[in-house]
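What the coordinates show
Residue strings, one per chain:
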Amino acid sequence: METNPSPLSAKHESSFAYGTVKDRMPRILTKVIDVCHKQIQSSKECFGEDGRKDAIDVVGKLSQLRSEIMTDKPLFALDDQLKDKEAWNKRLQQYRDSNDSPASWFTAPWLYVECFMYRRIAGVLNSSTYLKTFDPFAEQKQQSLMQSMTAVENLATFLHSVKQSVKVNDTAMLKQFFVDFLQVSLWGNKCDLSISAGEENSQNVSEPHKNLEALKKFILIDYSNDVWNLILKQKKRKDQVRIDVVLDNAGFELFTDLVLCEFLLFFNLADVIIIHPKCIPWFVSDVNASDLNWMLSYLSSCSFEEVSQLSTKLQERFKDGSMLLMKNDFWTLPDPFCLMNESSSELYKYFSSSDLVLFKGDLNYRKLVGDLDWPHDTSFKMALRHFSPTSLCSLRTLKADVVVGLKPGQAKLLAKECKEWMVNGQYAVIESNIIC
Ligand SMILES: O=P(O)(O)OC[C@@]1(O)O[C@H](CO)[C@@H](O)[C@@H]1O
Ligand SMILES: [Mn+2]
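Computed from a predicted structure; not experimentally measured.

Before going further, it helps to spend a moment on empty space enclosed by the protein. According to the stated counting rule, one finds two cavities of 30 Å³ or more in the structure shown. Size it by volume and the largest cavity reaches roughly 160 Å³. Taken together, 17 residues form the lining of the largest cavity, with Asp192, Ser194, Phe283, Asp362 and Arg366 sitting closest to its centre. Residues belonging to the lining of the largest cavity are distributed by class as follows: six nonpolar, three polar and eight charged. If you add up the space inside the second largest cavity, you get close to 50 Å³. Every residue lining the second largest cavity is listed: Lys141, Gln142, Leu145, Ala250, Gly251, Asp291, Trp294 and Met295. When contributions to the lining of the second largest cavity are tallied by element, the ones reaching two or more residues are α4 (138-146) and α10 (289-300).

Below, the structure written as structure tokens:
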């Protein structure tokens, strides 16, 4: 029986997890506390003394959470009213049962404790009276899109020109543009506010589709060809091809994902695309349904014609059913995806009827491979540990010290080039379980 490597954790001061738990998470939480502190005045104006007290109570609970993290307190079971509470407590108890030391912020698996911070924030807000649905990251997510508008305009113009010029039966050209839009969506993942601890991290390359050649050398694993061949194969075999996109960040990354979706649907490379957001505020910039709605209405009122036209087209697609949004609490559990069949068997079954699932971003990658300390030349399939409902592909910029599927010796060479190669977002993978 194969024994798995240990989970990444902040136990080791040299780990990226340690820096995250020690510095970045408290910094992110401090920003949340500041944002909630500003709500005290507005809650008082809207709801009187009750509102003021309610917001002060939220700030107090979040400050206590920050102190628990910074002083490495033991993790305790959740006792709030959110419906996934039992699933969280089950995982915590399983960890406690299999380890002698008490589970604390710096000793429990990094994946659990980092997700747990965001789940605790959601629990505190849900326990309030007037801030139940408040998203402390909403303003940062909106700012991040507004500061990327040059790139949004250029990308929308590029998509428009491709739709105008490429024939639907010109497979060679379509493949080239598929690879381009897949890579634009991949690099859109750099715009992530968790890695920047909430500091501005918008798209600063104004023409992302013209920058791809220069970035190619940073793609360490590239299954684009296999993904393309799979799509063509499914097109030939089936009269309806379904692709699912498990989303990551709002803002520019979400825009690049929707551009990829529109390209696939316009050229009949897919007939229906389902997108999967988060259900609670998550890792600062992760997208939830209200972020998508805000972005589409913001872009529809944009004066730049190609942008407003594209946004209107996307809204039509959600109406005509060629695009669907599907919510599920599973995405904000701490579970690695190899547990999906156990904890959300209906979701696993649902994905089994998809032709391809694209997973965006680093946290989804960490969950795909279980956030375990794998040797870097471990095969992706092995690291998935039987999570394989269908063909899947991870589009991920590296922002955590876990990566598999590299050639023997490749990691050593990369470390010589750049010590931070696994965590600075400069490198990326397009990694898949597809064997064409
Ligand atoms: O999933 P994303 O948005 O690409 O990245 C999430 C992230 O910024 O947060 C974690 C560290 O705090 C890492 O998984 C990664 O660095
Ligand atoms: Mn994210």
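Bringing the coordination of the manganese ion (ligand 2) into the picture now. For the manganese ion (ligand 2), the full set of protein donor atoms is Asp248 (OD), Asn249 (OD1) and Asp286 (OD), and the range of their distances to it is 2.0 to 2.3 Å. Every donor residue of the manganese ion (ligand 2) comes from the same chain, spaced as D-N-x36-D. Residue Asn249 is located in the loop between β2 (242-246) and α9 (252-266), and its partner Asp286 is located in the loop between β3 (272-276) and α10; the two are separated by 37 residues in the primary sequence. Each member of the pair, Asn249 as well as Asp286, is classed as buried.

Now for the nonpolar core. Membership of the largest hydrophobic core comes to 156 residues, with the highest contact counts inside it found for Trp105, Phe263 and Trp421. With 17 residues, helix α1 (residues 16-70) is the largest single contributor of residues to this core. Dropping the residues within four chain positions of it, Phe263 is found in contact with Leu159, Val162, Leu174, Phe177, Phe178, Phe181 and Leu269.

Next up on the list: the site of ligand 1. Near ligand 1 lie 16 residues; those nearest to it are Arg24, Glu114, Asp192, Asp362 and Lys399. Separating an oxygen atom of ligand 1 from a side-chain N or O atom of Arg24 is a distance of 2.7 Å. In the environment of ligand 1, an oxygen atom lies 2.9 Å from a nitrogen or oxygen atom belonging to the side chain of Asn189. Protein contact buries 100% of the 390 Å² of open area that ligand 1 shows by itself.

As a further point, take the pattern of salt bridges. For the coordinates displayed, the defined rule picks out 26 salt bridges. The closest approach of N and O atoms between Arg120 and Glu68, which form a salt bridge, is 3.1 Å. Of this pair, Arg120 sits in helix α3 (residues 110-126) while Glu68 sits in helix α1, placing them 52 residues apart in sequence. Across the pair, exposure class does not vary: Arg120 and Glu68 are buried alike. Between Arg119 and Asp80 there is a salt bridge, with the nearest N and O atoms lying 2.7 Å from each other.

Take unusual backbone geometry next. The phi torsion of most residues other than glycine is negative, and most of the peptide bonds are trans. For Asp72, which is not glycine, the phi torsion reads 55 degrees and is therefore positive. When you line up the elements, Asp72 lands in the loop between α1 and α2 (85-97). Taking relative accessible area as the criterion, Asp72 reaches 29% and is therefore assigned partly exposed. Positive phi values are uncommon outside glycine, yet His386 reaches one of about 70 degrees. When its relative accessible area of 78% is taken as the criterion, His386 is described as exposed.

Next up on the list: the domain arrangement of the chain. Here the chain is partitioned into domain 1 (16-126) and domain 2 (138-433). Here domain 1 and domain 2 have C-alpha centroids that lie 28 Å from each other. With 19 residues of domain 1 at the contact, the number on the domain 2 side is 28 residues. Roughly 2,100 Å² of surface becomes buried between domain 1 and domain 2 when both sides are summed, with 64% attributable to carbon and sulfur atoms. On the domain 1 side of the contact with domain 2, Phe16, Arg91 and Leu111 bury the most area, a combined 31% of that side's loss. Linking domain 1 to domain 2 there are five salt bridges. Lys90 is paired through a salt bridge with Glu342; the nearest N and O atoms lie 3.4 Å apart. Inspection of the region where domain 1 meets domain 2 yields seven residue pairs in polar contact (both at pLDDT 80 or more).

This part takes up the packing of aromatic side chains. Taken as a whole, this structure holds 30 aromatic pairs when the rule is applied. Centre to centre, the rings of Tyr118 and Trp282 are 6.0 Å apart; their planes meet at 50 degrees, and the pair counts as tilted. In this pair, Tyr118 is assigned in helix α3 and Trp282 in the loop between β3 and α10, connecting sequence segments 164 residues apart. Here the aromatic rings of Phe158 and Phe177 are separated by 5.8 Å at their centres, their planes lie at 65 degrees, and the arrangement is edge-to-face. Note that Phe158 is positioned in helix α5 (residues 149-165) and Phe177 in helix α6 (residues 171-188), a separation of 19 residues in sequence. In this structure, Phe158 and Phe177 share a single accessibility class: buried.

The rules behind the values
- Residues numbered from 1 in each chain as written.
- Chains lettered and ligands numbered in written order.
- Predicted model: local features only at pLDDT ≥ 70, side-chain atom pairs only at ≥ 80, totals over all residues.
- Heavy atoms only, no water.
- 1 Å grid on protein atoms, 1.4 Å probe; cavity = no way out; pocket = protein on both sides within 12 Å on 5 of 7 lines; lining within 4 Å.
- Points joined across faces, edges and corners; volume = space filled by probe spheres on them.
- Nonpolar A, V, L, I, M, F, W, Y, C, P; charged D, E, K, R; others polar.
- Helix = DSSP H or I, 4+ residues; strand = E, 2+ residues; numbered from the N terminus.
- Donors = N, O, S within 2.8 Å, 3.2 Å for Na, K, Ca; no water.
- Buried < 20%, exposed > 50% of the residue type's maximum accessible area, 1.4 Å probe, protein only.
- Core = buried A, V, L, I, M, F, W, Y, C linked by side-chain atoms within 4.5 Å.
- Contact = heavy atoms within 4.5 Å.
- Near = heavy atom within 4 Å.
- Polar contact = N/O pair within 3.5 Å; in protein donor to acceptor, adjacent residues only side chain to side chain.
- Areas by Shrake-Rupley, 256 points an atom, 1.4 Å probe, with all protein chains shown as cover.
- Salt bridge = Lys/Arg side-chain N within 4 Å of Asp/Glu carboxyl O.
- Domains from an automatic or database assignment.
- Buried area = accessible area lost by both parts, 1.4 Å probe.
- Phe/Tyr/Trp six-rings, centres within 6.5 Å; stacked < 30°, edge-to-face > 60°.

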